[in-house]
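Next come the chains, spelled out residue by residue.
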Amino acid sequence: VQLQAFGGGLVQAGGSLRLSCAASGRTFRSYNMAWFRQAPGKEREIVAAISGNGGKTYYADSVKGRFTISRDNAKNTVYLQMNSLKPEDTAVYYCAADVDGSYYLIRRTTGGYDYWGQGTEVTVSS
């Protein structure tokens with residue numbers, strides 16, 4: 001599985017960005033997908049995750065109500081719509097695939113994900 005994330009950039013506080021992650025493979029719809037982020041000097045943390053059929057999602061408390069994860073299985077793509085961005089959202093954002101997850105098991109730690117994209121940088125200025 002190859003993942004390619006894009007859509008990052010520089011935005012002012014209060015602005016919006018949409019990240020995309022394109023995946024290879026014919027079984028994309030069976031993978032749980034997630035977005036993680038890593039700020040300078042900090043550990044990588046989960047932002048949001050979504051089940052294979054898109055019916056179940058998870059959000060970190062810090063982004064609830066501002067970010068939305070979604071997926072289009074016909075396009076092998078997962079998205080992260082980020083609204084009301086804050087300076088503390090500044091980080092490199094990574095998409096990740098969990099090939100062993102399920103609708104009932106959405107993992108929240110880096111160790112639960114098998115494949116990673118290269119990361120896309122998001123900078124929010126105050």
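Everything here concerns the structure above.
Keep in mind that this is a model prediction, so the values were computed, not measured. (Residues numbered from 1 in each chain as written. Predicted model: local features only at pLDDT ≥ 70, side-chain atom pairs only at ≥ 80, totals over all residues. Heavy atoms only, no water.)

## Things to note about the overall build of the chain
Regarding its fold elements, the chain presents zero helices and 11 strands. Starting at the N terminus and ending at the C terminus, the chain contains elements arranged as β-β-β-β-β-β-β-β-β-β-β. In terms of overall dimensions, the chain is globule-like: its C-alpha atoms have a radius of gyration of 13 Å, near the 14 Å expected for 126 residues. The C-alpha extent of the chain, read off along each of the three principal axes, is 40 × 25 × 25 Å. Counting all 126 residues of the chain, 45% fall into the buried class. Here the chain contributes 14 positive and 10 negative side-chain charges, whose respective centroids are spaced 6 Å apart. (Helix = DSSP H or I, 4+ residues; strand = E, 2+ residues; numbered from the N terminus. Rg over C-alpha atoms; globule rule 2.2 N^0.38 Å. Buried < 20%, exposed > 50% of the residue type's maximum accessible area, 1.4 Å probe, protein only. Lys, Arg positive; Asp, Glu negative; His and termini not counted. Charge placed at Lys NZ, Arg CZ, Asp CG, Glu CD.)

## A look at the state of the cysteines
Evaluated as defined, the whole model comprises one disulfide. Bridging Cys21 to Cys95, the disulfide has an S-S length of 2.1 Å. In this structure the cystine formed by Cys21 and Cys95 twists about its S-S bond by roughly 60°; its chirality is therefore right-handed. With Cys21 in strand S3 (residues 17-23) and Cys95 in strand S9 (residues 91-98), the pair connects residues that are 74 residues apart, well separated along the chain. (Disulfide = S-S within 2.5 Å.)

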